[in-house]
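The residues making up each chain are set out below.
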Amino acid sequence: MNPRQPTAEAVAIVDGRFAWVGSSVDAKTLYPNAADTLDLGGATVLPGIIDAHGHLMNLGESFLKLDLKGVSTPQEAARRVKDKAATLRSGEWILGWGWDEGKWATQYPTHELLTEAAPTNPVFLTGLHGFAAWVNKRALLVAGINKDTRDPENGKILRDVKTGEPSGVLINRAQDLVASHVAPLDLDSVKIALDLAARECLRNGLTSVHEARVTPIMLQAFREMVKKDRLSVRIYAMLDGANSTLIDEWLKRGPEVDPQHRLTIRSVKVFADGALGSRGAALYEPYSDATETKGMFTTNEAALSDITRRCFGRGFQVATHAIGDAANNQVLNAYERVLKQASANDARLRVEHAQVVAAADIPRFAELGVIASMQPTHCTSDMPWAEKRIGADRIKGAYAWRSILKTGAHVPISSDFPGETLNPFYGIYAAVTRQDPQGNPKGGWYPEQRMTLEEALRGYTIEAAYAEFEEKNKGSIEQGKLADLIVISKDPTKIAPSELLRITVLKTFVNGKLVYSSKAAQPGVSARVQP
Ligand SMILES: [Zn+2]
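The present account deals with the structure reproduced in this document. (Residues numbered from 1 in each chain as written. Predicted model: local features only at pLDDT ≥ 70, side-chain atom pairs only at ≥ 80, totals over all residues. Heavy atoms only, no water.)

## Description of helix 10 (residues 301–313)
Residues lying three or four places apart along an α-helix face the same way, a consequence of the helix completing one turn every 3.6 residues.
Piece 1. Here helix 10 is 13 residues long and its end C-alpha atoms lie 18 Å apart, about the 18 Å a rise of 1.5 Å per residue gives.
Piece 2. Considered for burial, the residues of helix 10 that qualify are Glu 301, Leu 304, Ser 305, Ile 307, Thr 308, Cys 311 and Phe 312.
Piece 3. Sitting at the amino-terminal end of helix 10 is Asn 300, which places a side-chain oxygen 3.2 Å from the backbone nitrogen of Ala 302. (Helix = DSSP H or I, 4+ residues; strand = E, 2+ residues; numbered from the N terminus. Expected span 1.5 Å × (residues − 1). Buried < 20%, exposed > 50% of the residue type's maximum accessible area, 1.4 Å probe, protein only. Polar contact = N/O pair within 3.5 Å; in protein donor to acceptor, adjacent residues only side chain to side chain.)

## A few points about unusual backbone geometry
Piece 1. At the junction of Phe 417 and Pro 418, the peptide bond is cis and its omega measures out at 5° in the coordinates.
Piece 2. Among the secondary structure elements, Pro 418 is positioned in the loop between helix 15 (401–406) and helix 16 (424–433).
Piece 3. The backbone phi angle of Phe 469 is positive, close to 60°, even though this residue is not glycine.
Piece 4. When you line up the elements, Phe 469 lands in the loop between helix 18 (462–467) and strand 17 (485–488).

## Focus on the coordination of the zinc ion
For a metal bound by four donors in tetrahedral geometry, the ideal donor-metal-donor angle is 109.5 degrees, whereas six donors in octahedral geometry ideally sit at 90 or 180 degrees.
Piece 1. Surrounding the zinc ion are the protein donor atoms His 53 (NE2), His 55 (NE2) and Asp 416 (OD), which sit 2.1 to 2.3 Å from the metal.
Piece 2. Here the donor residues of the zinc ion are spaced in sequence according to H-x1-H-x360-D. The same class applies to His 53 and to His 55, which are both buried. (Donors = N, O, S within 2.8 Å, 3.2 Å for Na, K, Ca; no water.)

## Details of the packing of aromatic side chains
Piece 1. Summed over the entire model, instances satisfying the criterion amount to seven aromatic pairs.
Piece 2. Consider the rings of Trp 99 and Trp 104, whose centres lie 5.5 Å apart with planes at 35°: the pair is tilted. By the burial criterion, Trp 99 is buried, and Trp 104 matches it.
Piece 3. The interplanar angle of 85° and the centroid separation of 6.1 Å between the aromatic rings of Trp 99 and Tyr 108 together place this pair among those described as edge-to-face. (Phe/Tyr/Trp six-rings, centres within 6.5 Å; stacked < 30°, edge-to-face > 60°.)

## So, the nonpolar core
Piece 1. Among the nonpolar cores identified, the biggest contains 102 residues, and Leu 56, Phe 222, Leu 239, Leu 276 and Phe 365 are the most heavily contacted of them.
Piece 2. Broken down by element, this core gets its largest block of residues, eight residues, from helix 11 (residues 325–341).
Piece 3. With sequence-adjacent residues up to four places away left out, Phe 222 is seen in contact with Leu 56, Leu 194, Glu 211, Val 214, Leu 231, Ile 235 and Leu 263.
Piece 4. Listed in part, the 22 residues of the second largest apolar core include Ala 85, Ala 105, Val 169 and Ile 171. (Core = buried A, V, L, I, M, F, W, Y, C linked by side-chain atoms within 4.5 Å. Contact = heavy atoms within 4.5 Å.)

## Let's talk about the environment of Asn 333
Piece 1. When you line up the elements, Asn 333 lands in helix 11.
Piece 2. Counting along the chain gives 28 residues from Asn 333 to Asp 361, while the straight-line C-alpha distance between them is 9.7 Å.
Piece 3. Not counting residues up to four positions away in its chain, the partners in contact with Asn 333 are Glu 301 and Arg 364.

## Comments concerning the pattern of salt bridges
Piece 1. The tally for this structure, following the rule as stated, stands at 33 salt bridges.
Piece 2. With a closest N to O distance of 2.7 Å, Arg 310 and Asp 248 form a salt bridge. Within this pair, whereas Arg 310 is found in helix 10, its partner Asp 248 is found in helix 9 (residues 244–253), the two being separated by 62 residues in sequence.
Piece 3. On the basis of relative accessible area, Asp 248 is assigned to the partly exposed category, the value being 37%.
Piece 4. The partner of Glu 352 in a salt bridge is Arg 350, with the nearest N and O atoms 2.7 Å apart.
Piece 5. The buried category is assigned to Glu 352, whose relative accessible area is 0%. (Salt bridge = Lys/Arg side-chain N within 4 Å of Asp/Glu carboxyl O.)

## Re the packing of helix 16 against helix 17 (residues 453–460)
Piece 1. Closest axis-to-axis distance for the helix 16/helix 17 pair is 9 Å, and the angle between their directions is 140°. It follows from the interaxial angle that helix 16 and helix 17 lie oblique. Like other packed secondary-structure pairs, helix 16 and helix 17 cross with a definite hand, here right-handed. Facing helix 16, whose interface residues are Pro 424, Gly 427, Ile 428, Ala 431 and Val 432, helix 17 presents Leu 453, Ala 456, Leu 457 and Tyr 460.
Piece 2. Partitioned by chemical class, the residues of the contact of helix 16 with helix 17 number eight nonpolar, one polar and no charged. (Axes fitted to C-alpha atoms, helices over the stretch in contact; angles between N-to-C directions. Parallel < 35°, antiparallel > 145°, perpendicular 65-115°, else oblique. Left-handed = near helix turned anticlockwise from the far one by under 90°. Nonpolar A, V, L, I, M, F, W, Y, C, P; charged D, E, K, R; others polar.)

## Let's talk about the pairing of strand 19 (residues 513–517)
Piece 1. Here strand 18 (residues 505–510) pairs with strand 19 via four bridges, running antiparallel. Bridging from a neighbouring strand, Val 510 pairs with Lys 513 of strand 19.
Piece 2. In sequence, strand 18 turns back onto strand 19 through a hairpin of two residues, with Asn 511 there showing a positive phi of about 55°. (Pairing = 2+ DSSP bridges.)

## Structural notes on the sheet that holds strand 18
Piece 1. What the four strands build is an open sheet, ordered 3-17-18-19; its pairing is antiparallel. Pairing within the sheet leaves two strands with one partner each, and these edge strands are strand 3 (44–47) and strand 19. Going across the sheet, the axis of each strand differs from the next one's by a mean of 25°, ignoring polarity.

## What to know about the sheet that holds strand 15 (residues 350–353)
Piece 1. Taken in spatial order, the seven strands of this open sheet run 4-11-12-13-14-15-16, and their pairing is parallel. Bordering the open sheet on either side are strand 4 (49–54) and strand 16 (371–373), each of which pairs with just one other strand. This sheet shows a mean twist of 25° between the axes of neighbouring strands, independent of strand direction.
Piece 2. On the sheet, helix 8 (residues 216–227) packs against strand 11 (206–214), strand 12 (234–240) and strand 13 (263–271) and is oriented at approximately 150° with respect to strand 11.

In short, shape yes, function no, at least from these values alone.
If you want it as structure tokens, here you go:
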């Protein structure tokens, strides 16, 4: 990822940084007495992967919750809930995660299946992307939700059309009505969850993660873990912009840029809208498959301008989630207004996802210097139904990485785990093929938007480093930079795209320290792929 030295055979690491990058022969003469030498036997080394948008806490929690990822029918989910209920006392919560609120949106399940499976336990099952929850009767009762309960702002209680009774699915902010009755994890459990998630990251070759919504307890856990040297993944934290107390507090004290590059707090995450699958993304025109709705904004343009101005003025980056074309437009408008008034440049304001963008807005990312932080696997997961939602016209500006890259904008890429797998090679595969792991559709879905392998690798390394103001310290194997690197089983430049999915991480180094080593850490040996 260093254009002046695109490939090398050997590196020397001193005090956690690359002291030298060059040939094997020179390595032996320059460093004859190295304290440690490691011969990788010709295996491929890449800079440590930087996932520019992920959720460590949700990943960690998913290890603690009932795992419903990949469950194809509501009946199967209910069966698992029933098994779980058999192990609990009545009244204990059953928390689950991972049913697909996008795929199941054609016909959402109702509470009856879960009510039958666990009549005396409240059940709260969060969707894969966190934009919908499926609950049982007991949970509705505990939360006091009935047919007279009004929809909260920016949320929707799905109801039985005949009776008006809540049917058991809560969209966007309506989930809070139930979530607020679930006891939050204590600090120790948060640390356990984050630790499990961080290990999973290292196993997958991620050496840095942009944590896309940080709450006060997570922050406390991160701090204590860093202090005790119990967190090897580097964290770039986006503060939860919905928590006004947290934001006020941080605006008072200003950003915290870690000189050790382990935990930096200088970004604020804001939500402009919801998701496309659950029809919560804000569109200009109605949904093609539900003409009564245009989705919904979760923050209006004036509020977006206001929070951007306040954060930017105090040296914080703003990263706003925007999926629909109307949401993307409003975020760009808000950013533009603030940038025009501000004298400072290098704001690096971000749009998270930039998923459906109107043709007129595509060049504005580059013009304004706004970063389009995109997720290739969202495209390949959504492609079976995305065009139904928005039609043949708007789809042209959806997941349109190449159109945005062509204008010269920065496009870091990421997985948005745990909604998608955090395995970066799945992301790279999706970026270069626009196909599902089975190779469908043939030739790729809107293949004109495919990235080159180099662009995808840049997106996961140097571009992601840029998005956190760290391109001078991370994102390439280059003299002087932090020694974060991974050893992988195959050279991605020498294999067919379909083979990318078989790449496994053999070793992960952070700060020059080995933090993960696969059991089958032999070059060329393909360990089991971890989706
Ligand atoms: Zn996210």
